[in-house]
Amino acid sequence: MKNIIRIHSGDAAVIKSDDWVIAEDVHDTPDPHDVFPMAVWLARVEQGEEVTPAVWIGVNDDPMELQSVIDKLSFIGVFFEDFKDGRGYSTAYLLRKRLNYQGDLRAFGDVLRDQLSLMRQCGFDSFAIKEGKDPYDAMKGLKGLSVTYSSSVSQPNPLYKRVRR
Amino acid sequence: MYRYDEYDRTLVNERVEEFRDQVARRISGELTEEEFLPLRLQNGLYLQKHAYMMRVAIPYGALSSDQMRGLAAIANKFDRGYGHFTTRQNIQFNWIELADTPNILAHLASIDMHAIQTSGNCVRNVTTEAYAGVAPDEEYDPRIFAEIIRQWATVNPEFLFLPRKFKIAVSSSQEDRAAVRMHDIGLYLYRDEEETLRFQVMVGGGLGRTPFLNQLVKDNLHWSEVLSYIEAVLRVFNRYGRRDNKYKARIKILVNSLGISAFREEAEAEWQQIRGSFSTLTEDELSRVASQFLSPLYKALDDTDLQYGHHLTSNSEFASWASRSVKPHKVKGYASVAISTKFPTNTPGDLTAEQMQRIADLADLYGFGVIRVAHEQNLVLPDILKQDLFSVWTSLCEVGLALPNVGLVSDMIVCPGASYCNLATAHSFPVARKVAEAYSLEEQLDVGDISINLSGCINACAHHHIGNIGILGLNKSGKDYYQITIGGAQGKDSQIGKVIGPAVSEEVLPGVVKNITNAYLANRNDHETFHETFLRIGLEPFKLAAYGPAGA
């Protein structure tokens with residue numbers, strides 16, 4: 001994948017490209033970095049086939065279907081078909097909080113600067129910025145507001161439990 | 001009332017700077033309009049027919065006098081000297097330049113106000129009734145939980161790109177004056193036998209082209225769990241609400257397609273996963289927020305004030321105003337004052353900067369500096385000594401705000417309509433004025449309490465479905481037509497009105513409405529309200545009368 005911002009130990013860095021390859025389906029030239037659609041990947045697991053530790057979740061997929069196999073995964077991509085479609089935020093929440101997923105969680109697709117801090121708060125730690133957008137510019141969007149009221153994945157305690165108001 | 005602390009202030013100030021940067025990037029072309037759209041909406045900025053419109057949040061309708069003066073200043077500096085108070089207790093400025101918006105928001109921040117999430121597919125301003133804290137029939141001040149929910153929902157990262165907008169209202173009194181039943185989530189707060197605060201949660205209300213009242217989804221919810229329950233409902237909505245069709249995207253459609261019991265199971269299952277964790281409210285937080293809503297120091301007085309009594313008997317104009325505008329107060333010797341913003345001297349919800357300033361001055365002089373916005377688009381001075389009512393009235397007279405029509409025919413709830421709004425299919429204000437002007441004050445008093453709501457399109461900003469008489473503006477081959485519904489009601493026994501028949505033209509509308517109120521007068525029993533008569537005799541007599549001689 002290209003145009004990536006990755007957060008590592010709290011610091012963000014731009015990575016021009018990494019080895020993960022988003023695949024639509026199984027293909028003739030298998031790559032250890034193939035990221036298959038969740039349904040394809042689950043079907044392969046069920047059939048006892050060898051799988052890469054990577055899936056991507058589409059807007060209509062239910063991440064809870066990964067519950068029993070979450071330990072096999074170290075990379076999950078969440079596809080934003082349209083940045084105005086907020087399902088990916090709940091998907092990230094569920095992966096992190098409900099399934100206790102600890103691996104890489106990447107937003108890709110219509111991923112834009114002005115939503116990055118929200119995505120980060122919901123548990124994403126890497127972002128494949130939309131093609132044609134400058135990832136260095138997009139990195140400015142990670143900061144967000146310094147005050148948040150509610151609890152989130154990155155800040156489980158709501159403000160009133162964090163500070164004395 | 002709620003005062004910002006350093007955290008609230010920091011959030012609002014940083015948000016202004018964030019938006020300043022976004023506006024600059026839009027103006028430079030770095031952001032496309034499509035990318036900018038949800039950003040500006042979540043900062044209150046709409047693009048209307050003639051200009052940008054900015055909708056400023058007035059959380060649960062509570063304003064200080066200084067905030068009101070700030071709004072007046074914005075009206076003068078950035079708009080054309082007036083603002084429009086809305087049915088969701090907000091204020092809209094209609095003539096805004098994009099480049100000015102960061103400065104307007106900065107001005108708002110300086111008076112502890114903002115425009116965050118007043119639009120867009122997110123949790124909107126949490127509303128309650130205008131008499132919160134002073135109503136005699138109140139169990140608990142609903143503003144306290146409205147503020148707690150406001151904070152929870154503000155820039156909550158998971159729920160800013162919902163399928164559609166999401167509105168929450170709270171009421172905690174015997175009479176529901178907050179139209180709770182038409183909200184996405186409606187909350188009735190009450191005390192159980194052990195005096196513990198609990199919520200009844202209703203979900204799936206909303207008007208628009210498919211009107212629904214909300215339905216009970218959770219009863220006996222302990223107050224400390226209200227945020228986790230709302231979170232569960234929102235997560236279910238965010239995941240499963242329709243996104244393929246804007247008109248089927250509200251939670252009401254999800255609730256009604258699943259059925260309330262299936263929806264309840266989904267919400268319950270989600271809630272069981274998160275309850276008792278981080279979102280559980282603490283006693284400390286409740287008392288911290290509650291301490292911001294303490295009553296002012298009232299004087300100990302008799303309930304009867306001789307001076308007030310004297311003015312009532314000696315000045316019939318004052319008495320006429322007082323009979324409509326003076327509302328009961330929980331403390332003896334005090335009253336709340338409803339200020340009509342309606343016809344004939346005003347346009348519903350519109351106030352000039354001068355009028356805003358006058359109301360702020362009156363609040364300072366006589367009412368502890370506090371003001372409320374009612375969802376009926378009127379304003380309220382909640383804490384006025386009965387002995388001061390005459391002075392308040394005299395002063396309101398000077399700025400055309402002493403109309404004796406609160407709750408009467410001419411106190412219509414009206415959206416801005418095609419005069420401003422991009423979505424409107426028909427005009428609202430000029431037509432509503434004609435309806436109001438068809439009645440003399442005596443005729444209005446004869447009809448008594450009635451709600452007439454006129455929306456300029458199907459989106460129903462004026463809540464026409466729950467008006468006793470609802471009027472919906474339509475466009476038929478280039479001409480404005482108005483469809484009438486009867487039998488709508490708000491409150492705990494809310495009802496969606498029923499269409500009486502074909503839409504009528506602007507010219508005959510006043511006559512048709514009058515035929516309907518005449519049918520009520522002809523059929524009512526003693527002391528029966530319009531709605532009570534409707535419940536007893538049904539739609540048919542009204543239908544027959546409506547298209548009679550004066551109207552058809």
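Residues numbered from 1 in each chain as written. Chains lettered and ligands numbered in written order. Predicted model: local features only at pLDDT ≥ 70, side-chain atom pairs only at ≥ 80, totals over all residues. Heavy atoms only, no water.

Caption draft 1: View of the overall build of chain B. Secondary structure assignment for chain B yields 18 helices and 20 strands. The C-alpha radius of gyration of chain B comes to 23 Å, within 12% of the 24 Å expected for a compact globule of 552 residues. Counting only C-alpha atoms and orienting by the principal axes, one finds that chain B spans roughly 60 × 60 × 55 Å. By residue count, 64% of the 552 residues in chain B fall in the buried class. For chain B, long-range pairs separated by at least 24 residues make up 68% of all intrachain contacts whose partners lie at least 6 apart in sequence. Accessible surface, chain B: about 19700 Å² in total, of which carbon and sulfur atoms supply 50%. In chain B, 55 positive and 67 negative side-chain charges are present, and the distance between their average locations comes to 6 Å. (Helix = DSSP H or I, 4+ residues; strand = E, 2+ residues; numbered from the N terminus. Rg over C-alpha atoms; globule rule 2.2 N^0.38 Å. Buried < 20%, exposed > 50% of the residue type's maximum accessible area, 1.4 Å probe, protein only. Contact = heavy atoms within 4.5 Å. Areas by Shrake-Rupley, 256 points an atom, 1.4 Å probe, with all protein chains shown as cover. Lys, Arg positive; Asp, Glu negative; His and termini not counted. Charge placed at Lys NZ, Arg CZ, Asp CG, Glu CD.)

Caption draft 2: Summary view of the sheet that holds strand β5 (residues 91-96) of chain B. Residue and element names in this part refer to chain B. Pairing is antiparallel in the open sheet, where five strands are placed in the order β1-β2-β5-β4-β12. Of all the strands in the sheet, just β1 (45-47) and β12 (350-352) have a single pairing partner and so form its edges. Along the sheet, successive strands turn relative to each other by an average axial angle of 30°, direction set aside. Where strand β2 (residues 52-56) and β5 come together, four bridges link them in antiparallel fashion. The partner of Arg55 across the bridge, within β5, is Gln92. Here helix α4 (residues 101-110) sits on the sheet and contacts β1, β2 and β5; the angle it forms with β2, its principal contact strand, is near 15°. Sheet strands touched by helix α12 (residues 353-366): β4 (82-85), β5 and β12. Its angle to β12, the strand with the most contacts, is close to 85°. (Pairing = 2+ DSSP bridges. Axes fitted to C-alpha atoms, helices over the stretch in contact; angles between N-to-C directions.)

Caption draft 3: Geometry of the interface of chain B and chain A. Tallying the contact residues gives 47 residues for chain B and 40 residues for chain A. A buried area of about 3700 Å², summed over both sides, lies between chain B and chain A, and 54% of it is on carbon and sulfur atoms. Between B:Asp8 and A:Arg165 there is a salt bridge whose closest N-O contact spans 3.0 Å. In this assembly, chain B and chain A are joined by 22 residue pairs in polar contact (both at pLDDT 80 or more). When contributions to the side of chain B that touches chain A are tallied by element, the ones reaching two or more residues are α1 (6-28), α2 (33-41), α5 (142-153), α6 (226-240), α8 (260-274) and α9 (283-290) of chain B. If one sorts the elements of the side of chain B that touches chain A by residue count, α1(B) sits on top with 10 residues. (Buried area = accessible area lost by both parts, 1.4 Å probe. Salt bridge = Lys/Arg side-chain N within 4 Å of Asp/Glu carboxyl O. Polar contact = N/O pair within 3.5 Å; in protein donor to acceptor, adjacent residues only side chain to side chain.)

Caption draft 4: Up close: the side chain of B:Asn346. Residues and elements named next belong to chain B. Inspection of the secondary structure assignment puts Asn346 in the loop between β11 (334-339) and β12. Asn346 sits in the buried class, given a relative accessible area of 7%. Here the side chain of Asn346 touches Gln355 through a polar contact of 3.1 Å, side chain to side chain. The contacts of Asn346, once residues within four sequence positions are left out, are Ser340, Thr341, Gln355, Gly400, Leu401, Leu403 and Arg433.

Caption draft 5: Highlighting the pattern of salt bridges. By the definition in use, this model includes 53 salt bridges over all chains. Between A:Asp137 and A:Arg113 there is a salt bridge, and its shortest N-O distance comes to 2.9 Å. With A:Asp137 in helix α4 (residues 135-138) and A:Arg113 in the loop between β7 (104-109) and α3 (116-121), this pair connects stretches of sequence that are 24 residues apart. Residue A:Arg113 is classed as buried on the basis of its relative accessible area, which comes to 11%. The salt bridge involving B:Arg69 is made with B:Asp364; its shortest N-O contact spans 2.6 Å. One end of the pair, B:Arg69, is in helix α3 (residues 65-78); the other, B:Asp364, is in helix α12, and 295 residues separate them in sequence. A relative accessible area of 26% means that B:Arg69 is categorised as partly exposed. Given the relative accessible area of 41%, B:Asp364 is considered partly exposed. Through salt bridges with shared partners, one network takes in A:Arg113, A:Asp114, A:Asp137, A:Lys140, B:Asp21, B:Arg25 and B:Glu30.

Caption draft 6: Main features of the sheet that holds strand β13 (residues 370-373) of chain B. All names here are of chain B. Strands sit in the order β3-β13-β14-β11-β10 across an open sheet of five strands; the sheet is antiparallel. Strands at the two margins of the open sheet, each flanked by one partner only, are β3 (62-64) and β10 (326-327). Here five bridges tie β11 to strand β14 (residues 379-385), and the two strands are oriented antiparallel to one another. Along β14, the bridge assignment pairs Tyr334 with Leu385. Across the face of the sheet, helix α13 (residues 389-398) comes into contact with β10, β11 and β14 while running at roughly 145° to β14.

Caption draft 7: The arrangement of α9(B) in detail. Of all the residues in α9(B), the buried ones are B:Glu285, B:Leu286, B:Arg288, B:Val289 and B:Ala290. On its buried face, α9(B) sits against α5 (159-162) of chain A together with α5 of chain B.

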